[in-house]
Every structure is written in C-alpha cells, then in structure tokens.
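Residues per chain are reported as follows:
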Amino acid sequence: MNVMYAYIKGNISEINPTNIVVDNNGIGYEVVVANPYEYQLNEEKTVYISQQVREDSNILYGFSNKEQKKVFLLLLKVKGVGPKSALAILAGGTSAEIIGAIENQDAVYLTKFPGIGKKSAQQIILDLQGKVDFSMTSISGAPSAVNNYLSDAMLVLEALGYSKKELAKIEKKLSAHDFNGVDEYVKQGLKLLMNA
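It should be emphasised that the depicted structure is a prediction, and the values quoted were computed from it without experimental measurement.

What counts and how
Residues numbered from 1 in each chain as written. Predicted model: local features only at pLDDT ≥ 70, side-chain atom pairs only at ≥ 80, totals over all residues. Heavy atoms only, no water. Pairing = 2+ DSSP bridges. Helix = DSSP H or I, 4+ residues; strand = E, 2+ residues; numbered from the N terminus. pLDDT = per-residue confidence, 0-100. Contact = heavy atoms within 4.5 Å. Axes fitted to C-alpha atoms, helices over the stretch in contact; angles between N-to-C directions. Buried < 20%, exposed > 50% of the residue type's maximum accessible area, 1.4 Å probe, protein only. Phe/Tyr/Trp six-rings, centres within 6.5 Å; stacked < 30°, edge-to-face > 60°. Salt bridge = Lys/Arg side-chain N within 4 Å of Asp/Glu carboxyl O.

K.L.:
Help me understand the pairing of strand β3 (residues 27-33) in this model?
P.N.:
Regular strands place their side chains on alternate faces of the sheet. Bridge analysis of strand β2 (residues 19-24) against β3 gives 6 bridges, and the strand direction is antiparallel. Note on β3: the bridge partner recorded for Asp23 is Gly28. Linkage of β2 to β3, two consecutive antiparallel strands, is achieved through a turn of 2 residues, within which Asn25 is found at a positive phi near 50°. As paired elements, β3 and strand β5 (residues 57-63) share 3 bridges and run parallel to each other. Within the sheet, the bridge partner assigned to Val32 lies in β5 and is Tyr61.

Shown next, in the form of structure tokens:
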C-alpha cells in the first residue's frame, strides 16, 4: 500500500544540518527541509510533506507552508531539476520571489542557487512560465503586514476610479510580490493596470 503524507503535526525533537525530526505520537519522522534552522527545538509545528519515492530511497521533504510545497512540486516537474536543487532554490528565496523570477524570465536570479546553471534556469522558465497559480503565494506564508499593504493598495486604486473587476485581475499578480509598503503596491498595480 502506498502511503502519502500531506503534513505531519508534532514536536520538533531534533534539528540537524539537512533535516529535522518531527515527533508525532511517539514516532519520529525524519524530514529533509530547505532550512532546518528556521525551526525551533521542542516547538509544536505543522510541517507540510512531500514524499519522494525512488528505487533506492524513500524521503520525506518538509515545508513550513503550503506555498513552499507547491513551488517545490512545480520545480520537480522541470527536466533536470531534482529534489536537492528544488530545495536549494527554496532555501534561498521566498515562494513569491521564485515565482516572480519565473514569470519575469529572470534567469540570472535563478542561477544564484547552488546546482542551477544557466541551462537549468532557462529550462525552469520555459517549463513553468504562465503555469503558476499566483493566488498560492498570498496565503499563510506572507506576514500579515504585507497582506494589509496589498488590501490598502487595492482601496487606493479603487478610489482612483478602477473597477473591482479590473482590480481582481491584478490582485493575484500583486500578491506574488513582497513589497515593503502600500505605495509600492500602488505603483506596481498602476503599471499592471496600464498594461492590461
């Protein structure tokens, strides 16, 4: 029988350089994560899981939110990108930054990650551009301040006379960015609206 895990909720009982151990009802699950040191010992945590079964291995990869997991699974669809490279990308960038780079064809940004050369970066863009659901980067992973900036920016744009329908079209795209302030969202929103 093939068991697939969606997430494991438990106590972080060990932190190692490449993995963490999540204790769930007395069973310790060894989970490979992008950055083990973002977790804290003995904290109660929900870790989202992607189980990758190969001929010679059965590994649990863990993520602190659903968006990271979705980006990881998307990256695995790219020819030549394995779990190790996908994790390296997630260790160095937020989901929003990675998706932004793919959509903006920013191969230079992607090549800064270990194991990703120019060819792999171009392959990632080629395979994934236009296939990413922007709404997935605006959820739990983003700090609430960012979401507040975005909702305030939407009110500003609405006050400028744009319709809710027009704003709904750009909100997903804006939510993929991690701007530090309402004005940044408004500027980017106006750009998108003008190019629509």
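K.L.:
What's the story with the confidence of the model for the chain in this structure? I'm lost.
P.N.:
For any part of a model where pLDDT is low, the fine detail of the predicted coordinates should not be relied upon. Looking at the chain as a whole, the pLDDT averages 85, with 90% of positions reaching at least 70. Mean pLDDT across the secondary structure elements of the chain bottoms out at helix α6 (residues 144-159), with 73, and peaks at β2, with 97. Overall, residues 137-145 carries pLDDT values under 50, and its contacts beyond four positions in sequence, including any with other chains, amount to 15 contacts.

K.L.:
Honestly, the sheet that holds β5 in this entry has me stumped. Any pointers?
P.N.:
Paired through backbone hydrogen bonds, the strands of a sheet run either parallel or antiparallel to each other. The strand order β1-β2-β3-β5-β4 describes a closed barrel built from 5 strands, whose pairing is mixed. Direction aside, neighbouring strands of the sheet carry axes that sit 55° apart on average. Those strands touched by helix α1 (residues 66-76) are β4 (44-54) and β5, and its axis lies near 15° from that of β4. Each of β3, β4 and β5 is contacted by helix α2 (residues 83-92), which is oriented at about 15° to β5, the strand it contacts most.

K.L.:
Please clarify how the side chain of Ser85 should be interpreted in this entry.
P.N.:
Note on placement: Ser85 falls in helix α2. Relative accessible area serves as the criterion here: at 16%, Ser85 is assigned to the buried category. Once residues within four sequence positions are removed from consideration, Ser85 is found in contact with Gly115 and Ile116.

K.L.:
Quick question: what am I supposed to make of unusual backbone geometry here?
P.N.:
As a rule of thumb, non-glycine residues mostly have phi less than zero, and peptide bonds are mostly trans rather than cis. One non-glycine residue with positive phi stands out, namely Asn42, at about 65°. Within the secondary structure layout, Asn42 lies in the loop between β3 and β4. In this model, Gln105 sits at a positive phi of 55°, which is unusual for a non-glycine residue. Looking at the element boundaries, Gln105 is found in the loop between α3 (95-103) and α4 (107-110).

K.L.:
I keep staring at the packing of aromatic side chains and nothing clicks. Help me out?
P.N.:
Each aromatic ring pair is characterised by the separation of its centres together with the angle its planes make. Taken as a whole and judged by the stated rule, the model has 6 aromatic pairs. Seen in terms of ring centroids, Tyr61 and Phe72 are 5.4 Å apart; in terms of plane orientation they differ by 35°. Their pairing is tilted. Residue Tyr61 is located in strand β5, and its partner Phe72 is located in helix α1; the two are separated by 11 residues in the primary sequence. Among the residues examined, Phe72 registers a relative accessible area of 0% and is labelled buried. With a centroid separation of 4.8 Å and an interplanar angle of 45°, the aromatic rings of Phe63 and Phe72 are classed as tilted. Like Phe72, Phe63 is buried.

K.L.:
Sorry, what's going on with the pattern of salt bridges here?
P.N.:
If charged atoms from side chains of opposite charge come close, those side chains can pair. All chains considered together, the criterion is met by 1 salt bridge. The residue Glu158 makes a salt bridge to Lys164 at a minimum N-O spacing of 2.8 Å. The exposure class assigned to Glu158 is partly exposed, which follows from its relative accessible area of 32%. Of the residues examined, Lys164 reaches a relative accessible area of 60% and is grouped as exposed.

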